[in-house]
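Tertiary structure, described
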Amino acid sequence: MSEKINLLKTFVKISLANVKGLLFKVDFAVTYKCNHRCRMCNVWRVYLEKPEKAKDELIIDEIKRVFQKYNRFIWVSLTGGEPFLRPDLVDIVSVIHESCKELSILNIPTSGSLPSYIERRAYEIAEDLKIPLVYLTVSLDGDEVTHNFMRGIDDVWSKALETIFRLHQLSLSYPNFTVGFEYTLSPFNVGSFGPLLAKLREYGLTDLEKNAIVTLAHTGNLYHNTRMRALNDNNYTLKAAKEIKYLMKSVRSSLSDPFSIVRCIYLELLLRHLSRPIKGVLPCTAASGSCFIDPYGRVYPCIIVDEILGGLRETDYDLNKIIKANKFTSFRSRIKKDFCTGCWSPCEAYPSIVAHPLLSFYKAFLGV
């Protein structure tokens, strides 16, 4: 119950921050190192083609300066690449926690490819840092055959499953620590969600369903896949909608659970987005309530739009200077003037829903 109360308080805090025009969330790619070869993403190609670029990633002292100078984040998502390939990941989390006194939500997505290592790092975060709400999601894109195919590596399914088992056991000892899985829906694996749930139930992991996140595979800046035509195939739209409806029936929403309500709204609006992808669903928080920082300190409005709004190394690691600069304010004005039409990714959709709770509810259940 305390987790639900903390989450509700956090949502109120986020909504108020949005009203004040403050950035409350950041998606920070701590590294572009990746040990998978995913079919819907090209991040893994970055250092394969230019291995020397790995040396340009922000070091811990630089990261500390960034979050000390802008310390108002309530919600921090550490992504990649594979975040756990960053050996100082726990140190990064500690620096952010110490700097951002209002930090309430930390979420880290992982491929789950390093089970025991991820478990140890997750334990350190849960045990030592006392962040109110920590969410770890492990990528699962179907049953064993489908998942291995999607991830481009043999035997990654068994490692992902072991990671989920380990993190699930850890979560039983820490009420602020939640484990779920993320299913990325694409033309490559549409129709695989049912078999995936059946497998999880077979392994006794039925309670993970309530924390499942379904996302459409997007083309965008973070994924380095803007030229990947297969993801723009609209022929799978009807199958994708059927898959989303299956999840909505399988996992009933609870009015007593704030996350459950937000996810229900997200899925309802995801169906709307599938039917009318060129029309924005909600006012987007990109460059108004949230932003994306890549491993080299370049600031973007979000994980999708490939438009650099500023560089932290060029502004003495002061995000405030970038926020006040013409490029940032100009993009913010464009977002406020027009509804975002580019995506319905959880990274952007969830904060948009939380920032506009009444409008989100209206759009999902009452709007046309």
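First, a word on scope: everything that follows refers to the structure included in this document. What you see is a predicted model, and the numbers here were worked out from it, not measured in a lab. (Residues numbered from 1 in each chain as written. Predicted model: local features only at pLDDT ≥ 70, side-chain atom pairs only at ≥ 80, totals over all residues. Heavy atoms only, no water.)

1. Some details on the overall build of the protein
Of regular secondary structure, the protein possesses 14 helices and 9 strands. Compactness check: the protein gives a C-alpha radius of gyration of 19 Å against a globular reference of 21 Å for 368 residues, within 12% of the reference. Principal axes of the C-alpha set define a box for the protein whose edges measure 50 × 50 × 45 Å. Nonlocal contacts in the protein, meaning residues at least 24 apart in sequence, comprise 78% of its contacts between residues at least 6 apart. When the accessible surface of the protein is summed, it comes to about 16000 Å², and 54% of that surface belongs to carbon and sulfur atoms. (Helix = DSSP H or I, 4+ residues; strand = E, 2+ residues; numbered from the N terminus. Rg over C-alpha atoms; globule rule 2.2 N^0.38 Å. Contact = heavy atoms within 4.5 Å. Areas by Shrake-Rupley, 256 points an atom, 1.4 Å probe, with all protein chains shown as cover.)

2. Description of the environment of Arg334
Here Arg334 is to be found in helix H12 (residues 326-337). Sequence-wise, Arg334 and Ala287 are 47 residues apart; in three dimensions their C-alpha atoms are separated by 9.8 Å.

3. Re unusual backbone geometry
The residue after Gly80, namely Gly81, is reached through a cis peptide bond having omega 20 degrees. Of note, Gly81 is situated in the loop between strand E2 (75-79) and helix H4 (89-99). If you check the backbone angles, Asp155 has positive phi at about 70 degrees while not being a glycine. Here Asp155 lies in the loop between helix H6 (144-151) and helix H7 (156-171).

4. Here's the deal with the sheet that holds strand E4 (residues 133-139)
Read across the open sheet, the 9 strands follow the order E6-E5-E4-E3-E2-E1-E7-E8-E9; overall the sheet is mixed. The open sheet has two edge strands, strand E6 (213-216) and strand E9 (310-311), and neither has a second partner. As defined by bridge partners, strand E1 (residues 25-29) adjoins strand E7 (residues 290-293) across 4 bridges and the pair is classed as parallel. By the bridge assignment, Lys25 is partnered in E7 with Ser290. Taken strand by strand, H7 contacts E4 and strand E5 (177-185), and its axis lies near 150 degrees from that of E5. (Pairing = 2+ DSSP bridges. Axes fitted to C-alpha atoms, helices over the stretch in contact; angles between N-to-C directions.)

5. Concerning a nonpolar patch on the surface
Nonpolar side chains collect at one region of the surface, where Leu359, Phe361, Tyr362, Phe365 and Leu366 lie side by side and expose about 490 Å² of accessible area between them. With respect to the helices, strands and loops of the structure, Leu359 is situated in helix H14 (residues 357-366). Taking relative accessible area as the criterion, Leu359 reaches 30% and is therefore assigned partly exposed. (Patch = residues over 30% accessible without salt bridge, like charges linked within 9 Å, V, L, I, M, F, W, Y side chains within 5 Å. Salt bridge = Lys/Arg side-chain N within 4 Å of Asp/Glu carboxyl O. Buried < 20%, exposed > 50% of the residue type's maximum accessible area, 1.4 Å probe, protein only.)

6. Some thoughts on the packing of helix H10 (residues 258-275) against H14
In contact at an axis separation of 9 Å, H10 and H14 are set at 55 degrees when each is read in the N-to-C sense. Accordingly, the angle class assigned to the pair H10 and H14 is oblique. In the crossing of H10 with H14, the sense of the turn from one axis to the other is left-handed. Contact with H10, carried on its side by Cys264, Ile265, Glu268, Leu269 and Arg272, involves Ser360, Phe361, Lys363, Ala364 and Phe365 of H14 and no other residues of that element. Of the residues that constitute the contact of H10 with H14, the class distribution is 6 nonpolar, 1 polar and 3 charged. (Parallel < 35°, antiparallel > 145°, perpendicular 65-115°, else oblique. Left-handed = near helix turned anticlockwise from the far one by under 90°. Nonpolar A, V, L, I, M, F, W, Y, C, P; charged D, E, K, R; others polar.)

7. What about the pairing of E7?
Of the two faces of E7, both are covered, the one formed by Ser290 and Phe292 as well as the one formed by Cys291 and Ile293. Relative to strand E8 (residues 298-300), E7 is paired through 2 bridges, and the arrangement is antiparallel. When the bridges of E8 are listed, Ile293 appears paired with Val299. What sits between E7 and E8 in their antiparallel hairpin is a turn of 4 residues, with Gly297 showing a positive phi close to 85 degrees.

8. As for the nonpolar core
By size, the foremost hydrophobic cluster in this structure holds 123 residues, and its most contacted members are Leu78, Phe177, Phe181 and Leu319. Of the residues forming this core, the biggest block, 9 residues, is contributed by H10. Ignoring any residue separated from it by four or fewer positions in sequence, one finds Phe177 in contact with Ala122, Ala126, Val134, Leu136, Leu167, Leu170 and Ser171. (Core = buried A, V, L, I, M, F, W, Y, C linked by side-chain atoms within 4.5 Å.)

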